[in-house]
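Structure assessment
For reference, the chains in residue letters:
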Amino acid sequence: MCSSVSISSTCLVWGPQFRRSASSSSSSSSSRTQWHILSPSSSTGSVKFINNEVSSGLLSKWGFSHEDLHLRDIVDRQSSSEPSSNNSLFTKDDDENVAREGDLSLILLSSTKLTSVVAAFALNTPRPSTLERQRAIWAIYVWCRRTDELVDGPNADCLSSVGVLDRWEERLEDIFNGRPYDVLDAALTDTVHEFPIDIKPFKDMIEGMRLDTRKSQYENFQELYLYCYYVAGTVGLMSVPVMGIAPESPASVHHIYDAALYLGIGNQLTNILRDVGEDASRGRVYLPQDELAQFGLCNEDVYLRKVNDGWREFMKEQITRARFYFNLAEEGAYHLDKASRWPVWSALMLYKKILDAIEENDYDNLTRRAYVGRTKKLLMLPLAYSRSIAVPAGPAV
Ligand SMILES: CC(C)=CCC/C(C)=C/CC/C(C)=C/CC/C(C)=C/[C@@H]1[C@@H](COP(=O)(O)OP(=O)(O)O)[C@]1(C)CC/C=C(\C)CC/C=C(\C)CCC=C(C)C
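For the structure given in this document, a descriptive report is provided here. Each chain carries its own residue numbering, running from 1 in the written order of its sequence. For this predicted model, a pLDDT threshold of at least 70 governs which residues receive local features, and a threshold of 80 or more governs which side-chain atom pairs are given and counted, while totals over whole chains, interfaces and linings are taken from all residues. Here the side-chain values reflect all heavy atoms present in the structure, with hydrogen atoms and water set aside.

1. Overview of the overall build of the protein chain
- Only DSSP runs of H or I reaching four residues or more are called helices, and only runs of E reaching two or more are called strands; each is numbered from the N terminus. Scanning the protein chain from N- to C-terminus turns up 17 helices and seven strands.
- For the protein chain, the residues scored as buried account for 52% of the 397 residues in total.
- Note on definitions: a residue-residue contact is assigned when non-hydrogen atoms from the two residues lie within 4.5 Å. Here the contacts in the protein chain between residues at least 6 apart in sequence split such that 73% fall between residues at least 24 apart. Exposure classes here rest on a 1.4 Å probe applied to the protein chains alone. A residue is buried below 20% of its type maximum, exposed above 50%, and partly exposed in between.

Below is the structure:
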């Protein structure tokens, strides 16, 4: 059942084609992907590990090997007690320059400081303060937002040439090499020297923006998945070193990173489903063409904004798949450092609510924008908090 799809000369994603009536299990792919699903135990508030056949069947239907994206290498580099080779400031031996907390200017780490940062990550103690984590996430957020603005912002038409993205990538390398160009870059320079963050997810996000400028439709889910990885899954990979993993977590670091990546995929699929009408006005259809065809639909129906039964059935499948990725993300969210869990659960539950809102609009995302009101958002916060205090427990996976 597995097929390969050549996305570009440098990237190949493997996986089964999306099938409307695919069976829920596949022995060939289950040998490739072994998943232990965690589920919250309602009585104890702890999290148990169960081997969920249905979920692993679905993963084989929609999931992919991440080998070609070199995710294992990224995770290994970010989890290593050695500083990333990209973060060249770590290698500087300059005892005169000591990093000050919150300093947004160029910071040169002393060898003493270097040793203590490495040790801190190796032993996971002392943990970064919440303020340090907030600043770091803010710096990553700002860089991601600026990157997106290059292709989506008000100046995108004159900016989004390949040259601009190439220049942005050089600037990224400068950030990692301790040569920030402006104060916002400096915040990221500071962050990548305080936390073991690899440059690859950042480069991959820029690659996603390049893809977006040259592609206006996606033939199948493999192509769309790759795009979602580039522009959103990467955010999960960038965030985990800052969010931290609970020291008591028995889960494997690779599974937690996968879950973080799946949160990005779920978010981006949800973004796409919310914005179908808006994207169509720009001549963009981020929906797999082969899946549209399976429901007797094509781009023309999207441009004409036809919300009929075929569209509703198609949307139900799309929503199911986005929820599938959120469910996988939840398994990992329990295992983040407790200081980071609440914001992550809040973001996750908020995004899921957008899917509910599309359903409440009777799947009309062509002429209406799904919206989650302030009251619903506020009511969700205590629920997110209760999820965030569940204790990770169970055998290591
Ligand atoms: C184990 C586990 C679950 C860990 C959690 C890991 C984690 C914190 C994951 C975060 C995932 C996340 C928030 C992904 C962002 C996805 C996203 C919205 C991508 C958008 C891309 C382009 O889409 P589009 O062009 O369609 O969007 P617009 O129409 O332009 O709006 C992005 C815009 C790329 C840029 C992404 C950002 C600006 C978001 C970056 C967010 C953070 C760094 C904060 C993450 C922290 C929390 C607490 C969620």
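2. With respect to the side chain of Gln289
- Position of Gln289 among the secondary structure elements: in helix α13 (residues 289-294).
- Contact partners of Gln289, with chain neighbours within four places excluded, come to Gln217, Tyr218, Glu219, Asn220 and Asn299.

3. Side note on the pattern of salt bridges
- Salt bridge, as used here: a side-chain nitrogen of Lys or Arg that lies within 4 Å of a carboxyl oxygen of Asp or Glu. Counted under the stated rule, the structure contains 34 salt bridges.
- Note that Arg387 is salt-bridged to Glu330, the shortest N-O span being 3.6 Å. Of this pair, Arg387 sits in helix α17 (residues 374-388) while Glu330 sits in helix α15 (residues 309-333), placing them 57 residues apart in sequence.
- If you follow the salt bridges from partner to partner, you end up with Asp166, Glu169, Glu173, Lys203, Glu207 and Arg210 in one network.

4. Topic: the site of the ligand
- Here a residue is considered near a molecule or strand provided that any single heavy atom belonging to it is located within 4 Å of it. Contacts to the ligand come from 26 residues, most closely from Asp148, Asp152, Val231, Asn267 and Gln268.
- Separating an oxygen atom of the ligand from a side-chain N or O atom of Asp148 is a distance of 2.7 Å.
- At 2.7 Å, a side-chain N or O of Asp152 approaches an oxygen atom of the ligand.
- Surface accessibility follows the Shrake-Rupley procedure with a 1.4 Å probe radius. Residue values consider only the protein chains on display as shielding. Here the ligand, which alone exposes 1,000 Å², has 86% of that area covered by the protein.
- Secondary structure elements with two or more residues in the shell around the ligand: α5 (130-152), α10 (221-243), α11 (253-274), α15 and α16 (338-360).
- Considering every element that reaches the shell around the ligand, the biggest residue donor is α5, with seven residues. Between N or O atoms, a polar contact is any pair within 3.5 Å; within protein, one atom must be a potential hydrogen donor and the other a potential acceptor, and residues adjacent in sequence are included only when both atoms are from side chains.

5. Considerations on the nonpolar core
- Formed by 91 residues in total, the largest nonpolar core has its most connected members in Trp143, Leu224, Tyr229, Leu287, Trp311 and Tyr325.
- The element that contributes the greatest number of residues to this core is α10, accounting for 15 residues.
- Beyond its immediate chain neighbours, meaning those up to four positions away, Leu287 contacts Tyr218, Ile272, Leu273, Val276, Leu292, Trp311 and Phe314. Think of a nonpolar core as a cluster: buried Ala, Val, Leu, Ile, Met, Phe, Trp, Tyr and Cys residues, connected wherever their side-chain atoms sit within 4.5 Å.

6. Description of the packing of aromatic side chains
- In this scheme Phe, Tyr and Trp rings, the latter by its six-membered ring, pair at centre separations within 6.5 Å, and the angle between planes marks the pair as stacked below 30 degrees, edge-to-face above 60, and tilted otherwise. Enumeration according to the criterion identifies 16 aromatic pairs in this entry.
- Relative to Tyr325, the ring of Phe324 has its centre 5.2 Å away and its plane inclined at 75°; by these criteria the two rings are edge-to-face.
- Residue Tyr325 is classed as buried on the basis of its relative accessible area, which comes to 0%.
- What links up through ring pairs into an aromatic cluster is the set Phe221, Tyr225, Tyr262, Phe324 and Tyr325.
- Lysine and arginine charges are scored as sitting over a ring when NZ or CZ, respectively, is within 6 Å of the ring centre and within 35 degrees of the ring normal. Over the ring of Tyr181 we find Arg167, and its NZ or CZ is 5.9 Å from the ring centre.

7. Quick word on the pairing of strand β6 (residues 285-288)
- Here β6 shows a buried face lined by Val285 and Leu287 and a second buried face lined by Tyr286 and Pro288.
- Here a strand pair is declared whenever DSSP counts at least two bridges between the two strands. Sheet topology places strand β5 (residues 217-218) next to β6; two bridges connect them, and they run parallel. Residue Tyr218 lies in a different strand from β6, and its bridge partner there is Pro288.

8. Overview of the packing of helix α3 (residues 71-79) against α11
- A fitted line through C-alpha atoms serves as each axis, taken over the contacting stretch for helices, and the angle formed by two N-to-C directions is quoted from 0 to 180°. Contact geometry of α3 with α11 gives a least axis separation of 10 Å together with a crossing angle of 115°. In terms of orientation, α3 lies roughly perpendicular with respect to α11. In terms of crossing hand, the pair formed by α3 and α11 is right-handed. Note on element contacts: α11 touches α3 through Val253, His254, Tyr257 and Leu261, opposite Leu71, Arg72, Val75, Asp76, Gln78 and Ser79.
- In this classification, the charged set is Asp, Glu, Lys and Arg, the nonpolar set is Ala, Val, Leu, Ile, Met, Phe, Trp, Tyr, Cys and Pro, and all remaining amino acids, among them Gly, are polar. Its residues assigned to classes, the contact of α3 with α11 comprises five nonpolar, three polar and two charged. We call two directions roughly parallel when the angle between them is under 35 degrees, roughly antiparallel when it is over 145, roughly perpendicular when it lies between 65 and 115, and oblique otherwise. Definitions for this section: a left-handed crossing has its near helix turned counterclockwise from the far helix by less than a right angle. A right-handed crossing has that turn clockwise.

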